[in-house]
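# Chain and residue survey
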Amino acid sequence: MVVQARDDAAGPGDAPPRPPPPEIKVRVKYGGARHEVSVSPIATFGQLKKLLAPRTGLQPADQQLSYRGRPRGNAEYLDACGVKNKSKMALAEDPASLERRYIERQKNARIETANCAIGAVALEVDKLADQVTSIEKSISRGNKVAEVQITTLIELLMRHAVKLESIPAAGGDSSSQKNIQAKRVQKCVETLDVLMVSNARLQAVVVTTKWETFDAAATTQTQWELFD
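Cut-offs applied
- Residues numbered from 1 in each chain as written.
- Predicted model: local features only at pLDDT ≥ 70, side-chain atom pairs only at ≥ 80, totals over all residues.
- Heavy atoms only, no water.
- Helix = DSSP H or I, 4+ residues; strand = E, 2+ residues; numbered from the N terminus.
- Areas by Shrake-Rupley, 256 points an atom, 1.4 Å probe, with all protein chains shown as cover.
- Buried < 20%, exposed > 50% of the residue type's maximum accessible area, 1.4 Å probe, protein only.
- Core = buried A, V, L, I, M, F, W, Y, C linked by side-chain atoms within 4.5 Å.
- Contact = heavy atoms within 4.5 Å.
- Pairing = 2+ DSSP bridges.
- Axes fitted to C-alpha atoms, helices over the stretch in contact; angles between N-to-C directions.

### Here we look at the overall build of the protein
- Counting its secondary structure elements, the protein contains four helices and five strands.
- For the protein, the N- to C-terminal ordering of α and β elements is β-β-α-β-β-β-α-α-α.
- Within the structure as shown, the protein displays about 16100 Å² of accessible surface, and the carbon and sulfur contribution to it stands at 54%.

### A short note on unusual backbone geometry
- Despite not being glycine, Arg 68 has its phi angle at roughly 55 degrees, a positive value.
- Within the fold, Arg 68 resides in the loop between strand E3 (63–67) and strand E4 (70–71).
- Classification of Arg 68 as exposed rests on a relative accessible area of 60%.
- In the Ramachandran plot, Lys 86 falls in the positive-phi region, its phi being about 70 degrees despite a non-glycine side chain.

### What about the environment of Pro 22?
- Within the fold, Pro 22 resides in the segment before strand E1 (24–30).
- Given the relative accessible area of 66%, Pro 22 is considered exposed.
- Remark: the alpha-carbon pair of Pro 22 and Ile 42, spanning 20 residues in sequence, is separated by 9.7 Å.

### Re the nonpolar core
- By size, the foremost hydrophobic cluster in this structure holds 23 residues, and its most contacted members are Ile 135, Ile 139, Ile 150, Leu 153, Leu 157, Val 185 and Leu 192.
- Those elements giving two or more residues to this core turn out to be helix H2 (95–140), helix H3 (147–166) and helix H4 (173–201).
- The element that contributes the greatest number of residues to this core is H2, accounting for 10 residues.
- Beyond its immediate chain neighbours, meaning those up to four positions away, Ile 135 contacts Val 145, Gln 149, Ile 150, Leu 153 and Leu 195.
- Of all hydrophobic cores here, the second largest spans 16 residues; its members include Val 39, Leu 48, Leu 78 and Leu 91.

### Some details on the sheet that holds E4
- Taken together, five strands build an open sheet; the order of strands is E2-E1-E5-E3-E4 and the sheet is mixed. Strands with a single pairing partner mark the edges of an open sheet, and in this sheet they are strand E2 (33–39) and E4.
- Bridge count between E1 and E2: seven bridges; the pairing is antiparallel. Paired with Lys 25 across the two strands is Ser 38, which belongs to E2.
- Across the sheet, helix H1 (residues 45–56) lies against E1, E2, E3 and strand E5 (88–93), angled at about 130 degrees from E2, the strand it touches most.

Spelled out as structure tokens, the structure:
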């Protein structure tokens, strides 16, 4: 890792900056693993964290580097803190990072639970929507349906509306999906309200059968021949 030498007091006419010092090797313990990293002694702990990221899988913002029993800040220089060749350090996940990850996991779990609940309601609404379409086609053809079919569908849809309302808004895609299903339920209920009015105007179809009658007087009488 190439780091430009620090020259805090450099000014016009001064000697050219000195070349960077040779790299040192530091040993970093992370869990049960130990990593040996080559780094410039005038690098910062923040720069060392960047070198450790691909080895440990921890992003620099999630790392906490400790040297001589003290967590070190990103802006602190290795040499200023006494780091030398073969110096040992300890790496751990930053407590603030652990808390952020825990909060993120909890949030994701709530979103997943909400999505599952919304998905279950959506499946039921699909079935009820198909029944609404079937009733709509029947009424449009002039066929009267039993009013209880319409009122039952409205009641079932309203129950699902209550279920949707009880699902906590977890943010993200779940909130938008919840709104979409709520609008579907509302549209189905409004359609059924209109169909109920149209259905009430239809006359029930009564099917009668005309039976053919026979006149008893028209029956043929058979003459029997008598033998003496």
